[in-house]
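# Structure assessment
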Amino acid sequence: MTLPATRHTIHIEQLRKTYHATANGDVHYIIKDVDLVIRGGEFFVLLGPSGCGKSTLLNMIAGFISKSGGQLKVDNREIERPGRDRAMIFQQADSSLFPWLTVRENVEFGLRMSNIPKTQRREISERYIQLVGLNAHEGKFPKELSGGMKQRVQLARVLANDSAILLMDEPFGALDAMTRRTMQKELVNIWKETHKTVIFVTHDIQEALLLGERIGIMSVGPSSNITDIYHNTLPYPRNMSSAEFNTLYDRIQAHFEE
Ligand SMILES: Nc1ncnc2c1ncn2[C@@H]1O[C@H](COP(=O)(O)OP(=O)(O)OP(=O)(O)O)[C@@H](O)[C@H]1O
Ligand SMILES: [Mg+2]
């Protein structure tokens, strides 16, 4: 289904996240004054070094943690809690899979909660389990899976639930290089097919350039901000060995070396 581009736009204005130091109560900024609009249907990549606040920002958009100041909206609605319009793929799969459910049951969980009939649930879960390459493992429990496999279950579940906004926190970090390439390609295909709004966090420049229409660079913390935005208009699927790809790569690399 094609959604109008004006829907599921994320508006971020002067957004801040602070915490109080345990020792003396001083206020520290993790994120300070982030201004950003992520258009409905856009593939946006958030790129930055470890510890700069990428997960913090994503968790605020997801509604899992509260902001300390500023505005954070989906369309005209202030984000105050998690919602069905937003789905998160966590950096650590363990924090989101139900250990007492099999792969298939995990993927079908949200569908069951929405009272989707069994045969339809099966159809949907089968499609996405196949897509992430877990068809031989659908009866297994999370503890019987590798880290990369658990990550793929998370992805299948989120896709099955069909939320309009996908928040992805370094989802492919734990995968081997080959699986990672496959998943990156599939994600682009799914995004093109479904017109979802994607915010994808990574610290890998190559991954950022393979996936994103825009790449927001987050500065080193504390008081992190989105300092620059790079546009990548190269057509998909992107060719990593093309001159244009490598020129962009070098520009972003130089940015981090400054
Ligand atoms: N509850 C908290 N209290 C104090 N500091 C915190 C808290 N949560 C996060 N931080 C700090 O905020 C900063 C940003 O953390 P965050 O996990 O968002 O970084 P990140 O960019 O996702 O890093 P990584 O790439 O390693 O996942 C870190 O310096 C972290 O120590
Ligand atoms: Mg993180």
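An account of the accompanying structure is given in this report. (Residues numbered from 1 in each chain as written. Chains lettered and ligands numbered in written order. Predicted model: local features only at pLDDT ≥ 70, side-chain atom pairs only at ≥ 80, totals over all residues. Heavy atoms only, no water.)

Another point: the sheet that holds strand β10 (residues 226-231). Backbone hydrogen bonds are what pair the strands of a sheet, in a parallel or an antiparallel way. As summarised here, the arrangement of the six strands in space is β6-β7-β8-β3-β9-β10, forming an open sheet in which the pairing is mixed. Among the strands making up the open sheet, the edge pair consists of β6 (86-89) and β10. Neighbour-to-neighbour, the strand axes of this sheet turn through a mean angle of 20°, independent of strand direction. Judged from the five bridges that link them, strand β7 (residues 165-169) and strand β8 (residues 197-202) form a sheet pairing that is parallel. Bridging from a neighbouring strand, M168 pairs with F200 of β8. Against the sheet, helix α1 (residues 54-62) makes contact with β3 (43-47), β6, β7, β8, β9 (214-218) and β10, and its axis sits at roughly 155° relative to β7, the strand it touches most. (Pairing = 2+ DSSP bridges. Helix = DSSP H or I, 4+ residues; strand = E, 2+ residues; numbered from the N terminus. Axes fitted to C-alpha atoms, helices over the stretch in contact; angles between N-to-C directions. Contact = heavy atoms within 4.5 Å.)

Surrounding ligand 1, one finds Y19, I30, P49, S50, G51, C52, G53, K54, S55, T56, Q91 and E170. Contact between ligand 1 and G51: an oxygen atom at 2.7 Å from a main-chain N or O atom of the residue. Contacts to ligand 1 include T56, whose side-chain N or O atom sits 2.5 Å from an oxygen atom. Coverage of ligand 1 by the protein amounts to 57% of the 640 Å² it exposes when considered alone. Counting residues per element, the shell around ligand 1 draws most heavily on α1, at three residues. Partitioning the shell around ligand 1 into residue classes produces four nonpolar, six polar and two charged. (Near = heavy atom within 4 Å. Polar contact = N/O pair within 3.5 Å; in protein donor to acceptor, adjacent residues only side chain to side chain. Areas by Shrake-Rupley, 256 points an atom, 1.4 Å probe, with all protein chains shown as cover. Nonpolar A, V, L, I, M, F, W, Y, C, P; charged D, E, K, R; others polar.)

Our focus in this paragraph is the pattern of salt bridges. For the structure shown, the criterion picks out 15 salt bridges. Salt-bridge contacts for K67 lead to E78; the nearest nitrogen and oxygen are separated by 2.3 Å. Separated by eleven residues along the polypeptide, K67 in the loop between α1 and β4 (69-74) and E78 in strand β5 (residues 77-78) bring together distant segments of the chain. Residue class for K67 comes out partly exposed when judged on its relative accessible area of 28%. One connected set of salt bridges, linked through shared partners, spans R104, E108, R121, R122, E126 and E138. (Salt bridge = Lys/Arg side-chain N within 4 Å of Asp/Glu carboxyl O. Buried < 20%, exposed > 50% of the residue type's maximum accessible area, 1.4 Å probe, protein only.)

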